[in-house]
Amino acid sequence: MGPVALPAWLQPRYRKNAYLFMYYLIQFCGHSWIFTNMTVRFFSFGKDSMVDTFYAIGLVMQLCQSVSLLELLHIYVGIESNHLLPRFLQLTERVIVLFMVITSQEEVQEKYVVCVLFIFWNLLDMVRYTYSMLSVIGISYAVLTWFSQTLWMPIYPLCVLAEAFTIYQSLPYFESFGTYSTKMPFDLSICFPYVLKIYLMMLFVGKWLFCFVFAFFLCFLVCAAIYLSINRKVCKHVGDERKNLE
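Residues numbered from 1 in each chain as written. Predicted model: local features only at pLDDT ≥ 70, side-chain atom pairs only at ≥ 80, totals over all residues. Heavy atoms only, no water.

(A) Spatial organisation of the side chain of Ser-170. You can see Ser-170 is positioned in helix H9 (residues 152–177). Within the structure, Ser-170 has its side chain in polar contact with the backbone oxygen of Ile-167 (distance 2.7 Å). What Ser-170 contacts, discounting residues up to four positions off in sequence, is Val-101, Val-108 and Leu-196. (Helix = DSSP H or I, 4+ residues; strand = E, 2+ residues; numbered from the N terminus. Polar contact = N/O pair within 3.5 Å; in protein donor to acceptor, adjacent residues only side chain to side chain. Contact = heavy atoms within 4.5 Å.)

(B) Structural context of the pattern of salt bridges. According to the stated counting rule, one finds six salt bridges in the structure shown. A salt bridge links Asp-52 to Arg-41; its shortest N-O distance comes to 2.4 Å. Placement of the pair is Asp-52 in the loop between helix H2 (48–51) and helix H3 (53–67) and Arg-41 in helix H1 (residues 12–45), with a sequence separation of eleven residues. Overall, Asp-52 belongs to the partly exposed group, its relative accessible area being 30%. (Salt bridge = Lys/Arg side-chain N within 4 Å of Asp/Glu carboxyl O. Buried < 20%, exposed > 50% of the residue type's maximum accessible area, 1.4 Å probe, protein only.)

(C) Geometry of the packing of aromatic side chains. Tallied over the entire structure, the rule returns eight aromatic pairs. Judged by centre distance (6.5 Å) and plane angle (35°), the rings of Phe-54 and Phe-118 are tilted. Separated by 64 residues along the polypeptide, Phe-54 in helix H3 and Phe-118 in helix H7 (residues 112–136) bring together distant segments of the chain. Among the aromatic residues, ring-to-ring pairing joins Tyr-23, Tyr-24 and Tyr-129 into one connected group. Note that Arg-128 overlies the ring of Tyr-129, its terminal NZ or CZ placed 4.3 Å from the centroid. (Phe/Tyr/Trp six-rings, centres within 6.5 Å; stacked < 30°, edge-to-face > 60°. Lys NZ or Arg CZ within 6 Å of the ring centre and 35° of its normal.)

Rendered as C-alpha cells:
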C-alpha cells in the first residue's frame with residue numbers, strides 16, 4: 001500500500017495559508033474599526049473629535065501595532081515573502097512614535113497631528129492587509145493591486161512628516177518632565193529629548209533619500225516611455241518608406 005494522502009486541511013501549505021488569512025483578517029478588522037470610528041466621530045463632532053482620538057481608539061491601535069510585530073517572525077521563518085529590513089524599520093518607527101512618544105505624554109495625545117497620523121497609518125494598513133488577505137486565497141483585483149502598490153508613494157512621505165511633527169511637539173514635554181531621561185555614574189546622563197532630535201534628523205534624511213530615489217525612478221520611467229514612443233514612430237516611418245520603395 002502506498003502512503004496515505006493527508007486531508008487538505010492537514011497539509012502544511014493549507015495550514016500556513018489559513019493562519020496568514022486569519023492574521024490578515026484580524027488586522028484588517030482592527031484597522032477598519034479604527035478608521036470607521038475616527039470617520040464617524042469626525043462627522044458627528046467635527047474638530048472636537050480629533051482632540052480625544054487617542055482616548056477613543058488608542059488601545060485598539062496599540063493592540064494592532066503590537067500584533068504586527070509578528071510579521072518580523074513571519075518573514076524570518078519564510079511564511080511571508082517580504083523583505084525583513086524595510087518592514088523592521090517601518091515597525092520600529094511606529095513603535096517609537098506610538099508607544100514611546102504618544103502613549104507616554106498625555107499632552108501629546110490631544111494634538112491634532114495624532115489624529116492625522118492615525119488616519120495615514122490606517123489607510124495604508126487597510127489596503128495592505130486587504131490585498132494580502134485576498135492574495136492568500138488566490139483572489140486578485142486589478143484596482144486593489146494598483147492601490148496596494150502605489151498608495152504608499154504619496155502617503156508614506158506624509159506619514160514621515162506627521163511622525164516628525166508629533167515628535168517635535170513632544171520635545172517640550174519630555175524636557176519638562178524628564179521622561180526616559182536617566183542619570184548615570186561619573187556625571188553622565190541620557191537626555192531623551194536629544195535622542196529624539198537625532199531620530200528626527202534620521203527621519204528627514206531618510207525622507208529626502210526616499211524622495212530622491214522616487215524622483216529618479218519617475219524620471220527613468222518618463223524617459224523610457226518617451227524613448228519607446230519615439231522608437232515606435234521611427235520604426236513605423238522606416239516601415240512605411242520600405243513599403244513605398246517596394
